[in-house]
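Architecture and fold: a report
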Amino acid sequence: MASQFLLLSCLAITASIALASDPSSLQDFCVADLSTSVPVNGHVCKDPKLVVADDFFFSGLHLAGNTSNPAGSRVTPANVAQIPGLNTLGISLVRIDYAPWGINAPHTHPRATEVLTVLEGSLQVGFVTSNPENRLITKVLQKGDVFVFPVGLVHFQHNVGNVNAIAIAALSSQNPGAITIANAVFGSKPAISADVLAKAFQVNKDTIYDFQSKF
């Protein structure tokens, strides 16, 4: 009986691990057909006979992003929308440019772990663990340093220098998604009730209205 229970437990754990990751590809590639509107989880495959080298190519990560915005940063993506050949492969890249003292505001990637490498400058980075601890894990990175942001956790980057900074990040999804916390909470459409937000943040409703007016 004990051995049967152990076997069933092992099978359950194995099944849960298998269901927690993207399925393995059953073919060499599945280049996204971005011209179709058929709703699927991901993208419909392009006819392999019509696949060309440019389906696996993107040029642009050598170009600096425009950081003239309130956050002082710009993200340049290279995901399945830019490289159709990434469809089903479970990986993508971004370039992030930071003005002096600019930030990549607290956000999450619901579908991806992120590995960030600093190319130029100095960045304070960090992520916050889940409830109830909400522990901040943070470090200042220099050129060549690498840091990991686990999937789903709120994280940020802050240029702590007087010069521009650049980072490249790899993400474990063709379409990692991004939820910027302030935009989601104060800029949702329709707006979240000011009563709800005032109680959640322990401030008065006028403060909430002021925050919402900025997003």
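Here the residue numbers are simple positions, counted from 1 along each chain's written sequence. Selection of residues for local features in this predicted model requires a pLDDT of at least 70, selection of side-chain atom pairs for listing and counting requires 80 or more, and totals for whole chains, interfaces and linings are taken over all residues. Side-chain descriptors were evaluated using all non-hydrogen atoms of the structure, hydrogens and water having been removed beforehand.

Comments concerning the sheet that holds strand S3 (residues 103–108)
Condition: Only strands joined by at least two bridges in the DSSP assignment are considered to pair. Helix numbers and strand numbers start at the N terminus; a helix is a DSSP run of H or I with at least 4 residues, a strand a run of E with at least 2.
Across the sheet, five strands lie side by side as S6-S5-S8-S3-S10; this open sheet has antiparallel pairing. Bordering the open sheet on either side are strand S6 (136–141) and strand S10 (179–180), each of which pairs with just one other strand.

Things to note about the layout of surface pockets
Note the cut-off: The definitions used throughout rest on a 1 Å grid laid over the protein atoms alone, on which a cavity is an enclosed set of points accommodating a 1.4 Å probe that cannot get out and a pocket is an open set flanked by protein within 12 Å on both sides along at least five of seven lines; lining residues are those having an atom within 4 Å of a point. Grid points are joined across faces, edges and corners, and a volume is the space filled by probe spheres set on the points. In this classification, the charged set is Asp, Glu, Lys and Arg, the nonpolar set is Ala, Val, Leu, Ile, Met, Phe, Trp, Tyr, Cys and Pro, and all remaining amino acids, among them Gly, are polar.
Taken as a whole, the largest pocket encloses approximately 660 Å³ of empty space. Lining the largest pocket are 26 residues, with Ser73, Val75, Asn104, Ala178 and Thr180 sitting closest to its centre. Those elements that provide at least two residues to the lining of the largest pocket are strand S1 (73–78), strand S2 (92–98) and S3. Top contributing element to the lining of the largest pocket by residue count: S1, with five residues. A class-by-class count of the residues in the lining of the largest pocket yields 13 nonpolar, 11 polar and two charged.

A word on the side chain of Asn79
Definition in use: Only protein chains enter the accessibility calculation, which uses a 1.4 Å probe; a residue is then buried when its area is under 20% of its type maximum, exposed when over 50%, and partly exposed in between. Contacts between residues were defined by any pair of non-hydrogen atoms, one from each residue, lying within 4.5 Å.
Considering the arrangement of structural elements, one finds Asn79 in the loop between S1 and S2. You can call Asn79 buried: its relative accessible area is 15%. Discounting residues that sit within four places of it in the chain, Asn79 has contacts with Leu86, Ser92, Leu93 and Gln174.

Let's talk about unusual backbone geometry
A cis amide bond, omega 5°, links Asn131 with the succeeding residue Pro132. By the element assignment, Pro132 lies in the loop between strand S5 (123–128) and S6. For the bond running from Lys189 to Pro190, omega is -5°, close enough to zero to count as cis. Inspection of the secondary structure assignment puts Pro190 in the loop between helix H2 (181–186) and helix H3 (194–201). Backbone geometry at Asn134 places phi at a positive 45°, although glycine is not the residue there.

Notes on the nonpolar core
For the record, the criterion: The set of buried Ala, Val, Leu, Ile, Met, Phe, Trp, Tyr and Cys residues whose side-chain atoms join them within 4.5 Å is what this entry labels a nonpolar core.
If you look at the biggest cluster of nonpolar residues, it comprises 17 residues, and the most contacted ones within it are Tyr98, Leu116, Leu123, Val125, Leu141, Phe147 and Phe149. Every element with two or more residues in this core is listed here: S2, strand S4 (114–120), S5, strand S7 (146–149) and strand S9 (165–171). In terms of residues, this core owes the most to one element, S9, which gives four residues. Aside from chain neighbours lying at most four places away, what touches Phe149 is Thr113, Glu114, Leu116, Val125, Gly126, Phe127, His155, Phe156 and Gln157.

Re the packing of H3 against helix H4 (residues 205–212)
The condition that has to hold: Helix axes are fitted to C-alpha atoms over the stretch in contact, other axes to C-alpha atoms as well, and angles between N-to-C directions run from 0 to 180 degrees. An angle below 35 degrees is treated as roughly parallel, one above 145 as roughly antiparallel, one from 65 to 115 as roughly perpendicular, and anything else as oblique.
Orientation of H3 relative to H4, taken along the N-to-C sense of each, is 110°, at an axis distance of 9 Å. One way to sum up the angle between H3 and H4 is to call them roughly perpendicular. Residue-level inspection shows Ala194, Asp195, Leu197 and Ala198 of H3 in contact with H4, the latter providing Lys205, Ile208, Tyr209 and Gln212. Residue composition of the contact of H3 with H4, by class: five nonpolar, one polar and two charged.

Considering the confidence of the model for the protein
Inclusion rule: A score between 0 and 100, pLDDT records how confident the predictor is in each residue.
With 89% of its residues at a pLDDT of 70 or more, the protein has an overall mean of 90. A low-confidence stretch, residues 5–20 (pLDDT under 50), is modelled with zero contacts involving residues beyond four sequence positions or located in other chains.

A closer look at the sheet that holds S9
Pairing within the open sheet is antiparallel, and its five strands lie in the order S1-S2-S9-S4-S7. Each of the sheet's edge strands pairs with one partner strand only, and the pair in question is S1 and S7. Ignoring strand direction, the axes of neighbouring strands in this sheet form an average angle of 20°. Sheet analysis places S2 next to S9, joined by seven bridges and oriented antiparallel. Residue pairing across strands places Arg95 opposite Ile168, the latter belonging to S9.

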